[in-house]
Amino acid sequence: MKGFKQHALLPTPQHDEQARQDFVGAFRGHLSGRVMPGNYQLFERRVAPRFAAEHGRTPADEQEIRECMTREPYYQFWSALQRRSQELLWESVIDPTEREWSTLITRARTAKRTKTRQRGSLRLDPSLAVPRYHTAADIHLQPGGYHTDFTADDVAAGAIYDKGINLYMGGALGSENDLMGNTLLAYLRERHPSQQPKRILDLGCAIGNSTVVWARAFPKAEVHGIDVGAPVLRYAHARAQALGVGIHFSQQNAERTDFADESFDLVISHIVLHETSKSALVRILAECRRLLKPGGLMLHLEIPRGRTPIEKFMHNWESYNNNETFSRYMTRIDLPAEARKAGFVGDEVSLQEFVPKIDVAQMNYTEHFFWKILVGRKDGAL
Amino acid sequence: MASRKSPKKTAAKGPAVQPRIARVAKGKKPQYFSDPAIDKLLWMTVTLMEELSVTRDRLDTVERLLAKKRVLKASEVDLWRPDPKSATERDARRKAFVDRMMRAVHAELDEVLRGSNRGAEDDPVAAVES
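Scope of this entry: the structure provided in the associated data block.

What counts, and where the lines are drawn
Residues numbered from 1 in each chain as written. Chains lettered and ligands numbered in written order. Predicted model: local features only at pLDDT ≥ 70, side-chain atom pairs only at ≥ 80, totals over all residues. Helix = DSSP H or I, 4+ residues; strand = E, 2+ residues; numbered from the N terminus. Expected span 1.5 Å × (residues − 1). Buried ≥ 20, exposed ≤ 12 C-beta atoms within 10 Å, placed from the backbone. Core = buried A, V, L, I, M, F, W, Y, C linked by C-beta atoms within 7 Å. Contact = placed C-beta atoms within 7 Å.

This next bit is on helix 2 (residues 36-69) of chain B. Residue and element names in this part refer to chain B. Here helix 2 is 34 residues long and its end C-alpha atoms lie 50 Å apart, about the 50 Å a rise of 1.5 Å per residue gives. By the burial criterion, the buried members of helix 2 are Asp39, Trp43, Thr47, Glu50 and Val54. Phi turns positive, to about 55°, at arginine 70, one or two residues after helix 2.

Structure representation (C-alpha cells):
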C-alpha cells in the first residue's frame, strides 16, 4: 500500500477497485490489531482456567487448545472474519487484473522478446506435472493458485499474487515485496560474510520478488529461479525485465531439477518448504545437496510456528483456514534431522533464528516474530 | 479481446466463452459456528461492509469533485431520477452486487447438488501426508 512500487506488470486499480483494496487493508488491519490479540486474552482469562478446573492441569498441546478455542464464539467470529478478509483480499486484486488482463499479457510477451537484457530468460515446460500439494487446494485461497492458466500465455496469477501479498502484510513486505529476500540476504551477509556466490538458485520463486534481491546483491552471479507454476513464472520474468534485472526462470519441480550435479554455490528458498509435503520436503533437501558445490550453502527461510502451545495454535490457523495444509505437519518436523535424512551427513546443518524488521501491528497471529532459517553447508571448500 | 482464447473445456461447442479468472479458491471451506447459517450470514455481512465502504468512498469522491467544480448542491441529488440508459447501467451493477452477496446461499445448493463425490486426489490432507 504505502510506498508500493508501481511497475509495468501491475494493474492500476480504478476508483472502486482501489476503494475495495483500501477496505481490505482497513479491515485486516483492524482484525490483526484489535481482534486477533483478544484470542490470547480469551485463552488466558477463560479457556485455560476452565481447562485447569476441569482437568487439574494446563492444556498439553496445540490440539487440546484447538478443541477448547474452536468452541468459543469470539474465536469463531475472528476466524470467520479473518477467512472472509482473505477471500476479499484476492477478489479486490482479481477485478483490476481481469480488467487489464490482455494488456498485462501483451506486456509480458513483449518482455520475453526484449533483447536488451540478455542475461534474463524464461523456459516453460508444459509437460511438467504440478504436484498435488498445489492442485488439491489453492494455497492461501488464491483462486487457481500459482499454477492455473485461465487463458493463453496467462500472467494473472503473478499479478494477483504480487499485489495480493502486498495487501496481505499491509505493505510490510516492502516497496517491491522484497522483505523476505532482504531478510535472508541480511542473514548471509551477517553470518557468512565471505560468501560471494557465482551461481544462485531460488526454489519456488513464484513471481521472483525475492530472486530479484539476490540478483541485485550479486550482479556478477548467474541467478536462477524455478517454480512449478507457469503463470507466475511468465510474470516473474516480465517483472524482472521491467525492473531491469536479468534472471533465468524455468518451470521445474524443486524435488528434481534438470540442473547438473554440484552446479550452484548457493541454493535458497523463501517461505516455500511449508507449502510442500512430507515426502517432497526430503526430496527437495536431497536435491539441494545434489546441486550444491562442495562448500556450497543451502538457506531456507521459514515462518516460525510459535514457541508456546497457544502461539502454535494461533500460527497454525493458516494451515486449517488458509490452505497451508502442510504447515501444521511442519510444526512437528525436525528440519535439521530431515536434512540429514536427505543426505546432509557430515555437513554443517542447523536451524537458526533471525529477527526481522517488521512492524508489530502487521502481525496476524503473534506479537513476537522471528524467522527460522534452515542452513546446510555441503562439506568441502568452494 | 483477441489474445484471450477460450479454455479447452468450453471450446467444444456453443459460442466462445470469454475466459474469466476464478473468484473462489479450491479446497475445503471450514465451518466456524455450530450452525452453518451463521457462517453464511457473517460472510454476507462483511461483503456488505465492504460494499458500503466502497460506496461511501465513491460518494465522497463525487461530492468533493462537484463542490470543487461548483456544479451541484446536495439537494439536487435528492430530486434526481435516472434516464433509461443510466437505469440500465445501474440495474446491471445492482444485479452483479446481489449475485455476489448471494453466493453464500448459492454455495449451499451447490454443496447439496455436488454431494459427497469429491475424489480422494482432491483431499489436501492426503496430498501432503503422502
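Quick look at the nonpolar core now. As a rule of thumb, soluble globular proteins bury nonpolar side chains together. All names here are of chain A. Ranked by size, the top nonpolar core spans 93 residues in total, and within it Val155, Val232, Tyr235, Ala236, Val267 and Leu299 carry the most contacts. It is helix 6 (residues 156-168) that provides the largest number of residues to this core, a total of eight residues. Met69, Trp78, Ala80 and Phe313 belong to the second largest nonpolar core, which has 14 residues in total.

A few words now on the interface of chain A and chain B. By convention, interface size is frequently given as the accessible area that disappears when the constituent parts associate. Between chain A and chain B, the residue contacts involve 41 residues of the former and 35 residues of the latter. Among the secondary structure elements, those contributing two or more residues to the side of chain A that touches chain B are helix 1 (15-55), helix 3 (73-99), helix 4 (101-113), helix 5 (132-135), helix 10 (278-291) and helix 12 (317-321) of chain A. At eleven residues, helix 3 of chain A tops the list of elements feeding residues into the side of chain A that touches chain B.

Time to look at helix 9 (residues 230-242) of chain A. All names here are of chain A. If you check helix 9, its first and last C-alpha atoms are 18 Å apart, about what 13 residues at 1.5 Å a residue would give, namely 18 Å. Here helix 9 lies mainly inside the structure; twelve of its 13 residues are buried. Among the residues of helix 9, those classed as buried are Ala230, Pro231, Val232, Leu233, Arg234, Tyr235, Ala236, His237, Ala238, Arg239, Ala240 and Gln241. Downstream of helix 9 by a residue or two, glycine 244 has a phi angle that is positive, lying close to 75°.

All names here are of chain A. Residues other than glycine seldom take positive phi values, yet asparagine 177 does so here, at roughly 50°. Tracing the backbone through its elements, the reader meets asparagine 177 in the loop between helix 6 and helix 7 (179-191). You will see that isoleucine 271, though not glycine, has its phi angle at about 40°, which is positive. Inspection of the secondary structure assignment puts isoleucine 271 in the loop between strand 5 (264-270) and helix 10. The class of isoleucine 271 is partly exposed, set by 19 C-beta atoms lying within 10 Å.

Purely geometric numbers; function is a separate question.
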